[in-house]
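The lines below spell out each chain.
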Amino acid sequence: MATALKIDGDKLELIAADFAATEKQIDVACKRAISKLARHLKTVALRETSKVTGIKQAVLKKRLFVSFGGGRNTSRLWFGLYGVPLREMNPNQNRTGVQAGKIERKHGFIQQRGGKTEVYRRVTLEKGTDNRLPIAIQTAKIDQAIKHVIEADILKAFERKFYIFFEREMKWESSK
């Protein structure tokens, strides 16, 4: 899922006209505003996704990346949508299964296989397979939560915050 967010050039010109800025000052201020906005949106995404899923921000932080460049005044916010393995969430074995943060897997178990400790659970046997006792690594699904956060929080914060950051940067550039 790719979403491109565009900035209204007319609003930028109005803000720049208030400060009587040169083209170079506008470019520098825009670049810094985009950089600050991208870092801010990453923080918002981490906080809101953590609230929705119940997964700690430290675990989710590995799945969000901000990159700059790739074009004039652009940045990218990349989200990893694959499920988070429960082993990353400090799982504990209890009588009914495994508890990892707020996520509970009934009949799950913690096992070390191949030098790695994972959370497993038995799965239903598919017809025509030779495996008598199939097990699967347990993960917490985050894809729907991240899509919801992007639509509900990121898009709203983008529109509201960019012009605030740009105005601050224009004020800084014009005061030099």
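Located above this text is the structure these notes cover.
All values reported here derive from a predicted model rather than from experimental measurement. (Residues numbered from 1 in each chain as written. Predicted model: local features only at pLDDT ≥ 70, side-chain atom pairs only at ≥ 80, totals over all residues. Heavy atoms only, no water.)

Chemist: What should I look at first to understand the pairing of strand E8 (residues 116–122) in this one?
Modeler: Each regular strand shows side chains that alternate between the opposite faces of the sheet. Relative to E8, strand E7 (residues 108–113) is paired through 6 bridges, and the arrangement is antiparallel. Residue Gln-112 lies in a different strand from E8, and its bridge partner there is Thr-117. Linking two consecutive strands that pair antiparallel, namely E7 and E8, is a turn of 2 residues; a positive phi of about 65° is found at Gly-114 within it. When E8 meets strand E9 (residues 135–137), the two strands line up antiparallel, connected through 3 bridges. Each residue of the ladder has a partner; that of Arg-122, found in E9, is Ile-135. (Pairing = 2+ DSSP bridges. Helix = DSSP H or I, 4+ residues; strand = E, 2+ residues; numbered from the N terminus.)

Chemist: Whenever I open this one, the packing of helix H1 (residues 9–19) against helix H4 (residues 143–175) confuses me. Can you help?
Modeler: Between two packed helices, both the angle of their axes relative to each other and the distance between the axes serve to describe the pair. The interhelical angle for the contact between H1 and H4, taken along N-to-C directions, is 25°, at an axis separation of 10 Å. It follows that H1 is roughly parallel to H4 by the angle criterion. Considering the relative orientation of H1 and H4, their crossing is right-handed. On H4, the residues touching Lys-11, Leu-12, Ile-15, Ala-16 and Phe-19 of H1 are Glu-159, Phe-162, Tyr-163, Phe-166, Glu-167, Met-170, Lys-171 and Ser-174. Here the residues of the contact of H1 with H4 sort into 8 nonpolar, 1 polar and 4 charged. (Axes fitted to C-alpha atoms, helices over the stretch in contact; angles between N-to-C directions. Parallel < 35°, antiparallel > 145°, perpendicular 65-115°, else oblique. Left-handed = near helix turned anticlockwise from the far one by under 90°. Contact = heavy atoms within 4.5 Å. Nonpolar A, V, L, I, M, F, W, Y, C, P; charged D, E, K, R; others polar.)

On their own, these measurements won't tell you what the molecule is for.
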